[in-house]
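Okay, here's what each chain looks like letter by letter:
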Amino acid sequence: MTATTTITRTQAWLIQAYDGLNLLFSFKVSSSLSEGEVGALLQRLASRHLTPKEILNASTRRRMKGHNGLLEIRREQRERIILSVGEDPHYIASLHTEEEFADFDYRID
C-alpha cells in the first residue's frame, strides 16, 4: 500500500464495523498508527468471522490454488484514506480531522 495522503497529528482513524448496512460499532483510533497497521487491525477484526481454512486460504498468494480474497485490504481512491476488509460483516477505516469527529456518533459496544 502506498499512501498518497499525508497523515497528520490533527487527524484520527474512524474504525467501523458493518453487517450489511447495519452499523455494529465504531470507534476512534490515533493517527499514530500507520496505514499498514490500520489495515492489519482490520484484517484481525475480519478474521474473527472466518473458519481456520478460510484464514489459511486468505493468507496464500493470489494465484495459488484455494486462495480467497477474504482478508485483502482494499484502498479507495478518494480525498481521504479509506481502507476496508471483509464481506459481511466488513470493516472500514477512514482518516478524518478532529473537527470532522464532532459530526460522528461513534461508540464502542
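Residues numbered from 1 in each chain as written. Predicted model: local features only at pLDDT ≥ 70, side-chain atom pairs only at ≥ 80, totals over all residues. Heavy atoms only, no water.

## A closer look at the overall build of the chain
- When helices and strands are tallied, the chain shows three helices and five strands.
- The helix and strand sequence of the chain, counted from the amino end, reads β-β-α-α-β-β-β-α.
- Sorting the 109 residues of the chain into buried and exposed places 37% on the buried side.
- Intrachain contacts of the chain at a sequence separation of at least 6 include 57% that bridge at least 24 residues.
- Of the roughly 7,100 Å² of accessible surface on the chain, a fraction of 51% belongs to carbon and sulfur atoms. (Helix = DSSP H or I, 4+ residues; strand = E, 2+ residues; numbered from the N terminus. Buried < 20%, exposed > 50% of the residue type's maximum accessible area, 1.4 Å probe, protein only. Contact = heavy atoms within 4.5 Å. Areas by Shrake-Rupley, 256 points an atom, 1.4 Å probe, with all protein chains shown as cover.)

## A closer look at helix α1 (residues 35-47)
- For α1, spanning 13 residues, the distance from its first C-alpha to its last is 18 Å, which sits close to the expected 18 Å at 1.5 Å a residue.
- The set of residues buried in α1 consists of Glu35, Val38, Gly39, Leu42, Leu45, Ala46 and Ser47.
- The secondary structure elements touched by the buried residues of α1 are β1 (11-19), β2 (22-30), α2 (52-58), β3 (74-77), β4 (81-86) and β5 (90-97). (Expected span 1.5 Å × (residues − 1).)

## A word on the pattern of salt bridges
- Within this structure, the stated rule accounts for five salt bridges.
- The partner of Arg62 in a salt bridge is Glu72, with the nearest N and O atoms 3.5 Å apart. Here Arg62 is found in the loop between α2 and β3, whereas its partner Glu72 is found in the loop between α2 and β3, with 10 residues between them in sequence.
- Given the relative accessible area of 64%, Arg62 is considered exposed. (Salt bridge = Lys/Arg side-chain N within 4 Å of Asp/Glu carboxyl O.)

## So, the packing of aromatic side chains
- The final tally for this structure, using the stated rule, is two aromatic pairs.
- Ring centres of Phe25 and Phe27 lie 5.5 Å apart, and the angle between their planes is 20°; on these two criteria the pair is classed as stacked. There is no split in this pair, since Phe25 and Phe27 are both buried.
- For the pair Phe25 and Tyr91, a centre-to-centre distance of 6.2 Å together with 45° between the ring planes defines the contact as tilted. (Phe/Tyr/Trp six-rings, centres within 6.5 Å; stacked < 30°, edge-to-face > 60°.)

## Digging into the side chain of Gln16
- Checked against the element boundaries, Gln16 lands in strand β1.
- If we ignore the near neighbours within four places in the chain, the residues touching Gln16 are Leu23, Phe25, Ser26, His90, Tyr91 and Ile92.

## Let's talk about the sheet that holds β5
- Strand order in the open sheet formed by five strands is β2-β1-β5-β4-β3, with antiparallel pairing between adjacent strands. One side of each edge strand has no neighbouring strand; the edge strands of this open sheet are β2 and β3. For this sheet, the mean inter-axis angle between neighbouring strands, taken without regard to orientation, is 20°. (Pairing = 2+ DSSP bridges. Axes fitted to C-alpha atoms, helices over the stretch in contact; angles between N-to-C directions.)

## A closer look at the environment of Asn68
- Mapped onto the elements of the fold, Asn68 is located in the loop between α2 and β3.
- With relative accessibility at 17%, the residue Asn68 sits in the buried group.
- For the pair formed by Asn68 and Ile55, sequence separation is 13 residues and the distance between their alpha carbons is 8.8 Å.
- Sequence-distant contacts of Asn68, that is, excluding residues within four places in its chain, are made with Glu54, Asn57 and Ala58.
- At 3.1 Å, the side chain of Asn68 and the backbone nitrogen of Leu70 are in polar contact. (Polar contact = N/O pair within 3.5 Å; in protein donor to acceptor, adjacent residues only side chain to side chain.)

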